[in-house]
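# Structural characterization, general
Each chain, letter by letter, is given below.
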Amino acid sequence: MTAQDSDADALPRVSARIYRQNAFRVTGLPLSSTGRDIRRKADMLAVIEKTGGQIPTSDILPLRPAPSAGDARAALDRLGDPRQRLVDEFFWFWPAESGAARDEGIAALAAGDPDGALRHWTAAAVSGTGAAPGDADTSGDADTSGEPAAPSEPVAPSEPVAAGDAASAVHNIAVLEHLRALEVEMGAEGEQPDWASVYRRWGHVLHDDRVWDSLVARIRRTADARLDVGLAPRIRAALPGALLSIGAEIVVAAIGDGDDDRAERQLTAMRAAQLGDGAREALGTALRAAGEPWADQVGELCEEAVRLATDTRTAGLDQAAHILDHSAGLLARLDRMLAPDDSTLVRTHDKVALDALRCLLLFDQARDTSDASAARDHLRMIEVIARAERVAASEAVRGRLAENREILDKASVRLTCWICHEKPADPGAAITRWMHGDVVRAVRELRWNKVEVTVPRCRSCQRGERGRGWLAALRCALYFVVAISLPTMLFTSAGGGYIFLAVLVAFFALIVDLNVVVGSAGRRQREHIDLFPPIVELREKGWRNGERPLGVGGA
């Protein structure tokens, strides 16, 4: 077994329910319980189950609701495994080691006064370290927050406490703050947890060698061959990852509930936590592990869509859109939790983009380009591949998608209305433009080539152009109607001369209308058609408008 494996195994995967499942909290047994005490508790539990009695609860922070018989049996089983028991001991309250008959902090907890327990332990930690009140750090990792560690300022004992008692106090403060914060996160009443303080307290534990000396002493006192003192440093190495995995679980729950503020508070505290040199790597590992189920859901979604597109290629376009639509929420969750360059995040984003492209390629191989809906499908493909390009995380994948999008863009020139650039082109509404080029002049002969360029147009734009023509004709007719009727009504005796003048004005108005309104609209359309890429390409080669050169055949 390698050292790395040992560190990973030292603290089995923990969860936010670590204190609700703690064997000492569930059974109410003290940390000093012997094997005989555990067996006696098991026998009592069996009797209670048969008689239907009430299972006794712990005096220290009793669980609400009370644990079931199954919970109690599972807790007793944990106490029968020395390694599991050591983990539960570590995440519970250590009594003073100075031989005092009564631990004031634990007594305060049993009396329902956790704030009093904090005051007692803070005073013991201060006395044991010689630090300022409110700072239980013993290794130079000072608490610079400026806030007191307990609801009220502790009063240090008149005499310094033993090193073991100070170590237990430092440890117990971290456990109590952690436990209370998790209780609130899981629905208990209380103020919003200060996770920065929680992680700071665990930082004190990690950096205080006396805490780990106490854990070594506990291991030695068990005199169990299945435990060795080397387990203490392995637990110390694994602790940051365990704590951050609990925080990651809270982040996942908050994001799942749509509580972004709660998730961000936890993430901010986790990123700022001073939990040793490997804390940054442990944070990434914890967040990746917590987000893995979401990444797996995305993977399953993509695989199913690709399978359906492979079975029915004509469904590939719909499946590509399905991937992008239904993965968006899961990707947004991962984006909130993981760093932009995180390997899991990049891999998941790229998988969505590439599998969407794969479905599009399957569709493109099977689609009927002569179908009436071909243009509409082509435009939709461009929209979908552009979305996939925005989803992709790596430059390589974005580049591949961009290449495919450019191919579709070039092909879309002949499938999209060139006038509005929005609707699919209709073959019956297309505009034709003759062009000639490659003119060769001989002594008695003139040769040239000609080509008919089809400019795509939709029915809507065609109707709009016809409508403008009818409207122009209506205006022209109206000019002459007004020119004749208005003088007739105003000058009944000598209307002829006025009618002539009015018709003359109407004629000039008609000329202006045709040149300014109709003519300018026509010029704008011709200029726009001249920008059609195939026409631009021919012009660059020297081709000109018309079927033949000027002066040939009356042209």
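Each value, and the rule that gives it
Residues numbered from 1 in each chain as written. Predicted model: local features only at pLDDT ≥ 70, side-chain atom pairs only at ≥ 80, totals over all residues. Heavy atoms only, no water. Helix = DSSP H or I, 4+ residues; strand = E, 2+ residues; numbered from the N terminus. Buried < 20%, exposed > 50% of the residue type's maximum accessible area, 1.4 Å probe, protein only. Contact = heavy atoms within 4.5 Å. Core = buried A, V, L, I, M, F, W, Y, C linked by side-chain atoms within 4.5 Å. pLDDT = per-residue confidence, 0-100. 1 Å grid on protein atoms, 1.4 Å probe; cavity = no way out; pocket = protein on both sides within 12 Å on 5 of 7 lines; lining within 4 Å. Points joined across faces, edges and corners; volume = space filled by probe spheres on them. Nonpolar A, V, L, I, M, F, W, Y, C, P; charged D, E, K, R; others polar. Pairing = 2+ DSSP bridges. Expected span 1.5 Å × (residues − 1). Phe/Tyr/Trp six-rings, centres within 6.5 Å; stacked < 30°, edge-to-face > 60°. Lys NZ or Arg CZ within 6 Å of the ring centre and 35° of its normal. Axes fitted to C-alpha atoms, helices over the stretch in contact; angles between N-to-C directions. Parallel < 35°, antiparallel > 145°, perpendicular 65-115°, else oblique. Left-handed = near helix turned anticlockwise from the far one by under 90°. Polar contact = N/O pair within 3.5 Å; in protein donor to acceptor, adjacent residues only side chain to side chain. Salt bridge = Lys/Arg side-chain N within 4 Å of Asp/Glu carboxyl O.

Within the chain, the secondary structure is distributed over 20 helices and 3 strands. Taken over 555 residues, the chain has a buried fraction of 43%. Here the contacts in the chain between residues at least 6 apart in sequence split such that 72% fall between residues at least 24 apart.

Core analysis: the largest hydrophobic core is formed by 123 residues, its most contacted members being F91, F93, W121, W202, W212, L215 and L239. Broken down by element, this core gets its largest block of residues, 15 residues, from helix α11 (residues 231-256). F91 has contacts with L11, I18, Y19, N22, V175, W202, L239 and L243, leaving out every residue within four places of it along the chain. One finds W418, I431, V455 and L538 within the second-largest nonpolar core, a separate group that totals 10 residues.

Geometrically, the link from R64 to P65 is a cis peptide bond, its omega value of 0° lying close to zero. Of note, P65 is situated in the loop between α3 (35-51) and α4 (69-80). Phi is positive for L61, which is not a glycine, with a value near 45°. Topologically, L61 is positioned in the loop between α3 and α4.

This part takes up the confidence of the model for the chain. Mean pLDDT for the chain: 83, with 81% of residues reaching 70 or above. Low pLDDT, under 50, characterises residues 1-6; the stretch is placed with 3 contacts to residues that sit more than four places away or in other chains. Predicted confidence is poor over residues 130-158, with pLDDT under 50, and the contacts of this stretch with residues over four places away or in other chains come to 60 contacts.

We now examine empty space enclosed by the protein. Applying the stated criterion to the full structure yields 1 cavity of 30 Å³ or more. Computed from the structure, the largest cavity encloses a volume of approximately 80 Å³. Surrounding the largest cavity, V26, T27, K41, M44, L45, I48, I55, P56, A72 and L76 form its lining. Going through the elements one at a time, α2 (23-27), α3 and α4 are the ones with two or more residues in the lining of the largest cavity. No other element matches α3, which puts 4 residues into the lining of the largest cavity. Tallied by class, the residues present in the lining of the largest cavity amount to 8 nonpolar, 1 polar and 1 charged.

All right, on to the pairing of strand β1 (residues 431-441) then. Here β1 runs beside strand β2 (residues 446-455); their pairing, made up of 9 bridges, is antiparallel. Looking across to β2, one finds that G437 is bridged to N449. The antiparallel pairing of β1 with β2 creates a hairpin that spans 4 residues between the two strands. When β1 meets strand β3 (residues 544-545), the two strands line up antiparallel, connected through 2 bridges. Considered in β3, the bridge of M435 is made with N545.

A separate point is helix α17 (residues 395-412). Here α17 contains 18 residues, and its C-alpha end-to-end distance of 25 Å stays within 8% of the 26 Å for a straight helix at 1.5 Å per residue. Elements that come into contact with the buried residues of α17 comprise α15 (343-366) and α16 (374-391).

A word on the packing of aromatic side chains. On inspection of all chains with the given rule, the structure shows 9 aromatic pairs. Between F90 and W202, the aromatic rings sit 6.0 Å apart at their centres with planes inclined by 25°, giving stacked as the arrangement. One end of the pair, F90, is in helix α5 (residues 82-90); the other, W202, is in helix α9 (residues 195-207), with 112 residues separating them in the sequence. The exposure class assigned to F90 is buried, which follows from its relative accessible area of 0%. A cation over an aromatic ring shows up here: K450 above the ring of W434, its NZ or CZ 5.1 Å from the ring centre.

All right, on to the sheet that holds β3 then. The antiparallel open sheet is built from 3 strands, whose spatial order is β2-β1-β3. The sheet is open, and its two borders are formed by β2 and β3, each paired with just one other strand.

Let us look at the packing of α11 against helix α13 (residues 279-311). The relative placement of two packed helices is expressed as an angle between their axes plus a distance between the axes. Here α11 crosses α13 at 40°, and the two axes come no closer than 8 Å. Relative to α13, the element α11 is oriented oblique. The handedness of the crossing between α11 and α13 comes out as right-handed. Between α11 and α13, the residues in contact are G241, L244, S245, A248, V252 and I255 and A279, A282, L283, A286, L287, A290 and W294, respectively. When its residues are assigned to classes, the contact of α11 with α13 shows 11 nonpolar, 2 polar and no charged.

Take the side chain of E185 next. Mapped onto the elements of the fold, E185 is located in helix α8 (residues 163-185). The exposure class of E185 is buried, given its relative accessible area of 17%. A polar contact is formed between the side chain of E185 and the side chain of R262, at a distance of 2.7 Å. Aside from chain neighbours lying at most four places away, what touches E185 is P193, W195, I250, R262 and Q266.

Within the fold, R367 resides in the loop between α15 and α16. What makes R367 buried here is its relative accessible area of 17%. Here the side chain of R367 touches H378 through a polar contact of 3.1 Å, side chain to side chain. Not counting chain neighbours up to four residues away, the residues in contact with R367 comprise A374, H378 and M381.

With that settled, the discussion passes to α5. Buried residues dominate α5, accounting for 7 of its 9 residues. All of the buried residues in α5 are P82, R85, L86, V87, D88, E89 and F90. Looking at where α5 begins, the residue whose side-chain oxygen comes 3.0 Å from the main-chain nitrogen of R83 is D81.

All right, on to the pattern of salt bridges then. A complete count under the given rule lists 34 salt bridges for this structure. R25 is the salt-bridge partner of E183, the closest N and O atoms lying 3.3 Å from each other. Taken together, the positions of E183 in helix α8 and R25 in helix α2 put the pair 158 residues apart, joining distant regions of the chain. Between E303 and K351 there is a salt bridge; the shortest N-O distance is 2.7 Å. Taken together, the positions of E303 in helix α13 and K351 in helix α15 put the pair 48 residues apart, joining distant regions of the chain. Taking relative accessible area as the criterion, K351 reaches 26% and is therefore assigned partly exposed. What you see here is one network of salt bridges that share partners, running through D260, E264, R271 and R336.

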